[in-house]
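The residues making up each chain are set out below.
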Amino acid sequence: MRLKFQISRRQALSLTPLIDVVFLLLVFFMLASTFVRFSTVKIETAGAGNSQADRTKLALIHIGKDRAVLINGLQVSDDQLSAGLEKLIADGKTNAVVVVRKEANVSDLVSGLAQVRAAGFTSVRVVD
Amino acid sequence: MRLRHNQQIKKKQPDLTSLINVVFLILIFFIVAGVLRPFNDDTIELAQHFEDQTGAIVASRLIVRQDGILRYRNKTLPLDQLTGALNADQDLDRSKPFIIVADARLMAGVLLSVTRAVRASGLSDVSILTQRQQASRGQL
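Residues numbered from 1 in each chain as written. Chains lettered and ligands numbered in written order. Predicted model: local features only at pLDDT ≥ 70, side-chain atom pairs only at ≥ 80, totals over all residues. Heavy atoms only, no water.

1. Points about the overall build of chain B
From N to C terminus, chain B includes four helices and seven strands. Along chain B, helices (α) and strands (β) appear in the sequence α-α-β-β-β-β-β-α-β-α-β when read from the amino end. Looking at the 140 residues of chain B, the share that counts as buried comes to 38%. Of the contacts made within chain B by residues no fewer than 6 positions apart, 64% connect residues no fewer than 24 positions apart. (Helix = DSSP H or I, 4+ residues; strand = E, 2+ residues; numbered from the N terminus. Buried < 20%, exposed > 50% of the residue type's maximum accessible area, 1.4 Å probe, protein only. Contact = heavy atoms within 4.5 Å.)

2. Let's talk about the packing of aromatic side chains
Given two aromatic rings, their pairing is described by the distance between the two centres and the angle made by the two planes. Under the criterion given, the structure shown has five aromatic pairs over all chains. Aromatic side chains F29 of chain B and F30 of chain B sit 5.4 Å apart centroid to centroid with 75 degrees between the ring planes, which places their arrangement in the edge-to-face category. (Phe/Tyr/Trp six-rings, centres within 6.5 Å; stacked < 30°, edge-to-face > 60°.)

3. Here we look at the interface of chain A and chain B
In this assembly, 39 residues from chain A lie in contact with 47 residues from chain B. For the chain A and chain B pair, buried surface summed over both sides reaches about 4000 Å², with 70% attributable to carbon and sulfur atoms. Counting the contacts that link chain A with chain B gives two salt bridges. In this structure, the salt-bridge partner of R116 of chain B is D128 of chain A, at a minimum N-O distance of 3.4 Å. The tally of links from chain A across to chain B stands at eleven residue pairs in polar contact (both at pLDDT 80 or more). Counting residues per element, the ones that place at least two in the side of chain A that touches chain B are α2 (16-32), β1 (33-34), β2 (38-42), α4 (106-119) and β7 (123-127) of chain A. It is α2 of chain A that contributes the most residues to the side of chain A that touches chain B, ten residues altogether. Direction of pairing for β1 of chain A relative to strand β1 (residues 35-36) of chain B: antiparallel, over a ladder of two bridges. (Buried area = accessible area lost by both parts, 1.4 Å probe. Salt bridge = Lys/Arg side-chain N within 4 Å of Asp/Glu carboxyl O. Polar contact = N/O pair within 3.5 Å; in protein donor to acceptor, adjacent residues only side chain to side chain. Pairing = 2+ DSSP bridges.)

4. Things to note about unusual backbone geometry
With a phi angle near 50 degrees, R73 of chain B is a residue other than glycine that sits in the positive phi range. Following the sequence through the fold, R73 of chain B ends up in the loop between β4 (70-72) and β5 (75-76).

5. Digging into the confidence of the model for chain A
Here chain A averages 79 in pLDDT, and 85% of its residues register 70 or above. Here helix α1 (residues 2-11) of chain A stands out as the least confident element of chain A, with mean pLDDT 56; α2 of chain A is the most confident, with 89. (pLDDT = per-residue confidence, 0-100.)

6. Let's talk about the pairing of strand β3 (residues 58-63) of chain A
Residues and elements named next belong to chain A. Bridging between β3 and strand β6 (residues 95-100) involves six bridges; their strand directions are parallel. By the bridge assignment for β6, L60 is matched with V97. Looking at chain direction, β3 and strand β4 (residues 69-71) are connected through three bridges and run antiparallel. By the bridge assignment for β4, I63 is matched with V69. Connecting β3 to the antiparallel partner β4 that follows it, the hairpin turn spans five residues, and D66 within it adopts a positive phi of roughly 55 degrees.

7. Considerations on the packing of helix α3 (residues 78-90) of chain A against α4 of chain A
Residue and element names in this part refer to chain A. Two elements in contact, α3 and α4, have axes separated by 9 Å at closest approach and are oriented at 45 degrees. Judged by the inter-axis angle, α3 sits oblique to α4. Relative to α4, α3 is oriented so that their crossing is right-handed. Of α4, the residues touching α3 (which contributes L81, L85 and I89) are Q115, V116 and A119. Of the residues assigned to the contact of α3 with α4, the class counts are five nonpolar, one polar and no charged. (Axes fitted to C-alpha atoms, helices over the stretch in contact; angles between N-to-C directions. Parallel < 35°, antiparallel > 145°, perpendicular 65-115°, else oblique. Left-handed = near helix turned anticlockwise from the far one by under 90°. Nonpolar A, V, L, I, M, F, W, Y, C, P; charged D, E, K, R; others polar.)

Okay, structure coming up:
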């Protein structure tokens, strides 16, 4: 009789520790995870050893405050920017030198760099 | 008498299966849909840009705050000590791209000096962590 009682006890499996662990995992993932989509933008600063680069291929692009972009010293509006960059590529200027102005912040730099890279320059170097 | 006895037992042990089902579902949702945060600093606001491609983002330990304060491995250090700290770091994997977490409102010149200090320690592939924007849906 007693044996039978033990068997019936075994059948009722306690789920409480399982729920404890699952809740803990849930809380961990809720706190540690984020739904932001991350990306990276490569930054190549100009250094020694680049002095022999072909000057005729260089395109000078300035980045200023509030996402202002200047190509060869002339300010370009947002809708004309990609056309302007494509024209530089068409002219054979495949090495971009991005000059960051003093008042520009990281946000300006990143958006400018992303656009310059998207235009298809083979090398993009940043100077200040 | 018999009815009452049964009811009492049922009340003592409520059926938890449906609860576990739901909790498991939520857990799996967070595991699949979420990404673990690659850095640990609440003050940082990342720069945004449009891009389609995704890349693997490794955890980053160099954080530059809005006011130019530099934190490496959760320790604040001045810029002139950064190269030395990177050189002394045994755990740093030099074959992987080095990712800097910089606040979007930081002056770009400060970021460039930090980049030069990182490159001075022999790391040639330096990137900055950004937030991807989608043209159609905007920021998620």
